[in-house]
Amino acid sequence: MRTPNFQRCLGPNVYPGVPEGGWGWAVAAAFFWVEVCTFGTIKSLGVFLQDLMEEFGESNSRVSWVFSICVFIFSFTAPLSTMLSNRFGFRPVVMMGGVLMSLGTITSSFSSSINEMYITMGIVSGLGYCFTFLPTITILAQYFSSRRALVTSVASSGESFAMFAFAPALSTLKEHIGWRYCLVVLGIFQASAIGFGLLLRPIIIDTEPVKEGKESESLHFKQLQTALELENEQTGISISSEDSGVTSLSTSNRDLRTAGAENKALMEWEVQDKQSMEPSLSTPPQPSQDGAFIWYSLFGLFATLGFFTPQLYIIELSKSRGVEPSWATYMLSVMAVAEIFGRLSIGVVLNKVHCRKTLVLLGCVVLLCLVLVAFTIVWEFWGLVVCCALYGYFLGTVASIHVPMLAEEDVVGIQKMSSSVGVYIFIQSFAGLAGPPLGGVLVDVTQNYSAAFFSCAVGMGLSAICLALVGPTKSGMCQRQSRHEEAGRSAEEDEEMSEDSGQPDFLEVDMVRQAADQDNVSVI
């Protein structure tokens, strides 16, 4: 008796349609906590930048490789996470990610060189971040449709709350116990994601397709039977008795009708089965559909340059501009608070607008690019505070919707999201790998931390151009698809007209005539 209850609690949820809530609220809570343990942690690691440089005697670029490798593995292994989720389910993959994430952070505290941290913090933790984050956001998108943007934005604010709390807390904690024990505490905290992984119950949308199939099948046979009777009347086929002793062929005629109907239905089912198993030769390829996804992936590639580098260097930039070290730490908190408002507001806006949602995203990206440029020209405390607030706000709008935006018809649609999200994040991995080290190299060469922000601005500008091309590419695809559908409908109408014109099906008529000849009946 205990097994059914256990399966009922942890088994899949079956709904007749997208529930727009239900167990989805528990999944949203799990995603909130996953954001705290993944992106919230990664973006708070800038607190340890100076400590690692002094501990291992390394440069900015060398230390920044720890974070860039972590982000790279996070994104690069996205297809692997998708494959494992499809094979074993979301829950075990997320729980395994929680184990790896915690293990990598704790073992990093015992590192004796920066190269060891490349493995522990970079590879092990990065793999755990991917296994934890990607399945959670994928299954969350399946529980919501009209509320998807709002729920995802609110749930993703866990990252911002983590930044707001972690930056001052870790700075204070490392002054008392050191940075190594801080990583131990952080790793134990991340292990809580294992428990939240249990909440990710899979969802099944049951629309009862079998019932509809039976009705359409019955309707098809009725139409076929009526057509056969009309053909026999129009061709004037009659049955008479001859020397063969055959008195009536009504039974044979019914058998022929049944055989013809079964044969025709079987041929149609075989054609439909082939069309479902292989692409139709009559349907032309749609490269523009892939083109829209390619442009959107390039947008994500360049935008990633501005997602992590500012948080890594904002404290050191503030110090170089004359801000007290104790106050410089709170720049991350300013970003975090503003990011919360950005994530919440963009969800409300996307639920209200009637234009393409990619256009709203494009406006946020352009404004984010301008804010990154402002970082390079501001030199006083309050100017940096304003820039941090604006950056956090627009980063929240972009970061919270750019992955769920794949589910919108403006990009690829909900049906293709599970297969495309892995590729999308995989493409982002290369920018995640290059972003922090590129900023570190520019800082080492120019001896100016604003150079790192300038590189982020350039990347964000390129991402805005790529995002602007998604809409025209998608529109071109829709127009070509509409023309193809109209051509297909016109061909079907012509075929129906030819069938309704009274011309008999020559295969079925030949079958009747051959049977009549064999049984010595006369055809009038």
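A short tour of the structure in this document, coming up. (Residues numbered from 1 in each chain as written. Predicted model: local features only at pLDDT ≥ 70, side-chain atom pairs only at ≥ 80, totals over all residues. Heavy atoms only, no water.)

Regarding the overall build of the protein
Part 1 of the reasoning: In terms of regular secondary structure, the protein is built from 23 helices and 2 strands.
Part 2 of the reasoning: Within the span of the protein, comprising 524 residues, buried residues form 47% of the whole.
Part 3 of the reasoning: Across the protein, every contact between residues at least 6 apart in sequence was considered, and the portion connecting residues at least 24 apart equals 86%.
Part 4 of the reasoning: Carbon and sulfur atoms provide 63% of the accessible area of the protein, an area that totals close to 25,100 Å². (Helix = DSSP H or I, 4+ residues; strand = E, 2+ residues; numbered from the N terminus. Buried < 20%, exposed > 50% of the residue type's maximum accessible area, 1.4 Å probe, protein only. Contact = heavy atoms within 4.5 Å. Areas by Shrake-Rupley, 256 points an atom, 1.4 Å probe, with all protein chains shown as cover.)

Here we look at the nonpolar core
Part 1 of the reasoning: Grouped together as the largest cluster of nonpolar side chains are 120 residues, with contacts concentrated most on Y296, F299, I314, L361, F375 and L406.
Part 2 of the reasoning: Top element by residues in this core is helix α8 (residues 114-143). It accounts for 13 residues.
Part 3 of the reasoning: If we ignore the near neighbours within four places in the chain, the residues touching I314 are M331, L332, M335, F375, C388 and F453. (Core = buried A, V, L, I, M, F, W, Y, C linked by side-chain atoms within 4.5 Å.)

Details of helix α2 (residues 24-37)
Part 1 of the reasoning: Taking 1.5 Å of rise per residue, the 14 residues of α2 would be expected to cover 20 Å, and the 20 Å separating its terminal C-alpha atoms lies within 8% of that figure.
Part 2 of the reasoning: Of all the positions in α2, only G24, V27, A28, A30, F31, V34, E35, V36 and C37 are classed as buried.
Part 3 of the reasoning: Those residues of α2 that are buried are in contact with α3 (39-42), α7 (90-108), α8, α9 (148-155), α10 (158-190) and α11 (193-196). (Expected span 1.5 Å × (residues − 1).)

Focus on helix α18 (residues 357-375)
Given 3.6 residues to a turn, an α-helix orients residues that are three or four positions apart in the same direction.
Part 1 of the reasoning: Compared with an ideal rise of 1.5 Å per residue, which puts 19 residues at 27 Å, α18 spans 28 Å between its outermost C-alpha atoms and is within 8% of the ideal.
Part 2 of the reasoning: What α18 keeps buried is the set K357, T358, V360, L361, L362, C364, V365, L368, C369, V371, L372 and F375.

Here's the deal with the pattern of salt bridges
Part 1 of the reasoning: For the structure shown, the criterion picks out 8 salt bridges.
Part 2 of the reasoning: Residue E159 pairs with K43 through a salt bridge whose shortest N-O separation is 2.3 Å. Of this pair, E159 sits in helix α10 while K43 sits in the loop between α3 and α4 (49-56), and the two are 116 residues apart along the sequence.
Part 3 of the reasoning: A salt bridge links K319 to E316, with the shortest nitrogen-to-oxygen separation between them at 3.8 Å. On the criterion of helical spacing, the pair formed by K319 and E316 is a turn pair, its members being 3 residues apart in helix α15 (residues 309-320).
Part 4 of the reasoning: We classify K319 as partly exposed; its relative accessible area is 33%. (Salt bridge = Lys/Arg side-chain N within 4 Å of Asp/Glu carboxyl O.)

Structural notes on the packing of aromatic side chains
Part 1 of the reasoning: With the rule as written, the count across this model stands at 25 aromatic pairs.
Part 2 of the reasoning: Relative to F144, the ring of W25 lies with its centre 5.1 Å away and its plane at 65 degrees, an arrangement referred to as edge-to-face. A residue pair is termed long-range when its members are at least 10 positions apart, and W25 in helix α2 and F144 in the loop between α8 and α9 qualify at 119 residues.
Part 3 of the reasoning: Each residue in the set F31, F39, F74, Y129 and F133 is aromatic and connected to the rest through ring pairs, giving one cluster.
Part 4 of the reasoning: The cationic tip of R201 hangs over the ring face of W23; the distance from NZ or CZ to the ring centre is 5.1 Å.
Part 5 of the reasoning: In this structure, R321 packs its charged tip against the face of W379, placed 4.0 Å from the ring centre. (Phe/Tyr/Trp six-rings, centres within 6.5 Å; stacked < 30°, edge-to-face > 60°. Lys NZ or Arg CZ within 6 Å of the ring centre and 35° of its normal.)

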